[in-house]
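# Architecture at a glance
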Amino acid sequence: MNFVTIGFFLGIVGLTLLVTYIAAKRTSSASDFYTAGGGLTGWQNGLAIAGDYLSAAAFLGVSGAIALQGFDGFFFSVGYVVANLVLLYIVAEPMRNLGKYTLADMLTSRFNEKRIRGIAATSTITIVILYMIAQLVGAGALIQMLFGIDYWVAVLIVGVMMTTYVLFGGMTATSWVQIIKACLLLFGTALISVLVLWKFDFNIMKMFDTVATQTDQGENFLNPGIKYTSSIDSLSMMLALVLGTAGLPHILMRFFTVKDAKTARKSITWTTWITAIFFSLTIFLGFGAATFVGQANILAANPGGNLAAPLLAEFLGGNVLLSFISAVAFATILAVVSGLVLTGASAISHDIYGEIIKDGKLSMNQQLMAARIGSISIAVLSILLALGAQTLNVSFLVSFAFCIGASANLPVILYTIYWKKFNSNGAIIAMATGLISCLILGAIGPNVWHPEAGKAIFVGNPLISLSNPAIISVPLGFFAGWLGTVLTQNKAVIAKNEKIYNEIRVKANTGISVSEVSH
């Protein structure tokens with residue numbers, strides 16, 4: 001432990017706590033808590049959404065994947081950026097016009113049934129927990145390495161801080177922490193990239209030629225096939241990344257933090273540019289780490305390669321740059337888990353308690369109290385699970401969160417917006433099928449079972465070879481929604497459903513409610 005590291009960490013913690021203190025003064029209603037009162041501008045929300053993307057898995061994981069797997073590691077970068085186009089052209093505007101606080105609000109604008117809200121909340125909580133465990137384990141390992149404290153203490157520190165942000169500042173604090181983190185991360189990544197290029201005399205082709213001779217893979221390092229030897233496996237992973245983003249509840253929730261659909265579209269435009277710049281720079285981080293740190297040293301520091309970027313920072317700028325990058329990585333984790341806590345809390349307090357149990361009959365103070373209790377509940381559950389996952393390789397949980405988003409949430413979102421005959425039974429069956437199939441296929445796959453000890457959670461032969469089952473579970477989700485609707489059509493309610501759908505289509509595209517206009 002050294003004073004430089006402590007200084008950077010305390011500086012970032014102090015800045016984020018100041019933001020929380022200021023935001024707490026502005027959080028007086030459920031709308032303020034869940035959606036910052038819809039007061040964020042396009043660029044602010046765009047940076048905040050980019051902050052949700054640029055998690056520990058993106059910063060530490062992608063740069064490490066590129067350093068160890070070359071071109072195959074860059075698949076993640078491409079998938080994350082292309083996913084923005086699905087959000088921009090298909091989901092952003094209808095989601096903003098139809099929803100209020102959560103994904104379930106958007107779905108129940110067409111199907112006003114408690115069971116729809118219940119299954120949507122279940123999907124949201126599952127995704128949040130998967131994402132949270134991976135982030136908390138990463139945070140614990142990072143702090144443990146830098147400060148030499150016990151893992152469980154490190155996880156508790158992160159848990160207490162993330163709960164503080166959400167508990168007192170709500171979405172306003174969480175959004176500004178994301179904005180600050182995104183700016184710091186972009187600056188740190190750009191700085192390392194410039195230093196890497198400087199080592200190669202600012203000649204990109206020289207970098208490519210050099211890295212091909214510095215790794216065990218040789219020329220193959222620059223070609224696909226090191227990690228994903230099966231084209232089906234790589235296609236499945238890309239499918240999860242590209243389609244899954246449009247079904248992630250903590251991303252969708254951000255469309256409610258702006259005043260209208262036009263601003264929501266501007267948000268995604270900002271996000272697209274920011275993420276495209278960041279993930280382009282991960283090439284320099286990965287190739288620089290492979291060249292100057294070496295794959296053997298990266299693997300020795302962390303078997304998953306997650307410390308490639310900090311190790312490269314130490315090589316390029318000594319302890320000062322290492323401390324800064326590590327502090328930024330810590331801020332990255334804090335910001336992402338805060339957003340996840342808020343999303344999980346909204347599913348528990350707003351959807352399950354407020355709407356299902358209390359039928360929406362809550363005072364403003366009761367809504368705020370329920371939201372804060374929900375935040376504590378989701379935080380405690382995630383911390384307990386993370387404490388038991390210290391020795392597990394949990395990086396695959398993030399890709400499974402994307403898989404569930406693509407398999408369970410996206411089919412229902414698209415059918416709700418664009419298919420006139422879609423009914424509530426189809427929605428229930430689609431979400432249940434997508435969620436359950438993804439979990440079952442994941443549980444029998446190579447991330448959970450592997451013949452060699454230490455390669456997965458359990459020792460044994462997997463029943464399927466897909467590292468991410470999206471290529472099976474996504475079509476299953478869409479098919480189940482179609483089949484469930486076709487088999488449960490009721491002529492007595494078809495006319496009523498079509499009338500509701502016509503209103504939904506108008507509101508989804510304009511933000512204007514037909515029923516409100518008619519009155």
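To start, this report covers the structure provided alongside it. (Residues numbered from 1 in each chain as written. Predicted model: local features only at pLDDT ≥ 70, side-chain atom pairs only at ≥ 80, totals over all residues. Heavy atoms only, no water.)

## Some thoughts on helix α18 (residues 470-487)
What counts is decided by this rule: Only DSSP runs of H or I reaching four residues or more are called helices, and only runs of E reaching two or more are called strands; each is numbered from the N terminus. A helix's residues, less one, multiplied by 1.5 Å, set its expected span. Here the term buried applies to any residue with accessible area under 20% of the maximum for its type, exposed to any over 50%, and partly exposed to those in between, with areas from a 1.4 Å probe on protein chains only. Note: the arc covers the axis-to-C-beta directions of the helix. Contacts are assigned to residue pairs with any non-hydrogen atoms lying within 4.5 Å of each other.
End to end, α18 covers 25 Å across 18 residues, agreeing with the expected 26 Å (1.5 Å per residue, within 8%). For α18, every residue scored as buried is listed here: Ala470, Ser473, Val474, Gly477, Ala480, Gly481, Gly484 and Thr485. Along α18, the residues classed as buried sweep out an arc of 125° about the axis, all on the same side. Tucked into the core, α18 has its buried residues touching α10 (231-244), α16 (396-418) and α17 (424-443).

## Description of the layout of surface pockets
Condition: Any residue with an atom within 4 Å of a point lines the site, the site being either a cavity, points on a 1 Å grid over the protein atoms alone where a 1.4 Å probe fits but cannot get out, or a pocket, an open set with protein on both sides within 12 Å along at least 5 of 7 lines. Grid points are joined across faces, edges and corners, and a volume is the space filled by probe spheres set on the points. Nonpolar residues are Ala, Val, Leu, Ile, Met, Phe, Trp, Tyr, Cys and Pro. Charged residues are Asp, Glu, Lys and Arg, and all others, Gly as well, are polar.
The computed volume of the second largest pocket comes to approximately 410 Å³. Lining the second largest pocket are 21 residues, and of these Thr108, Arg110, Phe111, Asn112 and Ile500 sit closest to its centre. At the level of elements, α6 (103-108), α7 (114-147), α17 and α19 (491-510) are the ones that each hand at least two residues to the lining of the second largest pocket. It is α19 that contributes the most residues to the lining of the second largest pocket, five residues altogether. Residues belonging to the lining of the second largest pocket are distributed by class as follows: five nonpolar, ten polar and six charged.

## Comments concerning the nonpolar core
Nonpolar side chains in soluble globular proteins generally cluster together in the buried interior. Inclusion rule: The definition of a nonpolar core used throughout is a set of buried Ala, Val, Leu, Ile, Met, Phe, Trp, Tyr and Cys residues joined through side-chain atoms within 4.5 Å.
Counting 153 residues, the largest nonpolar core has Phe59, Leu87, Met95, Ile192, Phe255 and Phe330 as the members making the most contacts within it. For this core, the element with the most residues is helix α14 (residues 308-357), which contributes 21 residues. Excluding residues within four positions of it along the chain, phenylalanine 59 makes contact with Leu185, Thr189, Phe278, Leu285, Ala309, Ile325 and Ala329. Counting residues in hydrophobic clusters, the runner-up holds six residues, among them Leu47, Ala48, Ile179 and Ile274.

## Concerning the environment of valine 380
Structurally, valine 380 can be placed in helix α15 (residues 364-387). For valine 380, a relative accessible area of 43% puts it in the partly exposed group. Sequence-wise, valine 380 and leucine 136 are 244 residues apart; in three dimensions their C-alpha atoms are separated by 12 Å.

## Some details on a nonpolar patch on the surface
As a reminder of what qualifies: Each patch is built from salt-bridge-free residues with over 30% relative accessible area, joining like charges within 9 Å and nonpolar side chains (Val, Leu, Ile, Met, Phe, Trp, Tyr) within 5 Å. Only the protein chains shown count as covering a residue, and every accessible area follows the Shrake-Rupley method with a 1.4 Å probe. Salt bridge criterion: a side-chain nitrogen from Lys or Arg within 4 Å of a carboxyl oxygen from Asp or Glu.
Residues Val78, Val82, Leu85, Tyr89, Ile90 and Tyr418 make up a contiguous nonpolar surface patch of roughly 530 Å² in combined accessible area. Residue contributions to the nonpolar patch peak at five residues, all from helix α5 (residues 74-98). In this structure valine 78 comes out as partly exposed when scored by relative accessible area, which is 33%.

## Side note on empty space enclosed by the protein
With the rule as written, the count across this model stands at three cavities of 30 Å³ or more. Here the largest cavity defines a volume of roughly 60 Å³. As for the largest cavity, its lining consists of Tyr101, Thr102, Leu103, Thr124, Pro249, Leu252, Met253, Thr343, Ser346, Ala347 and Asp351. Every element with two or more residues in the lining of the largest cavity is listed here: α11 (249-252) and α14. The greatest single-element share of the lining of the largest cavity, amounting to four residues, is contributed by α14. Of the residues that constitute the lining of the largest cavity, the class distribution is six nonpolar, four polar and one charged.

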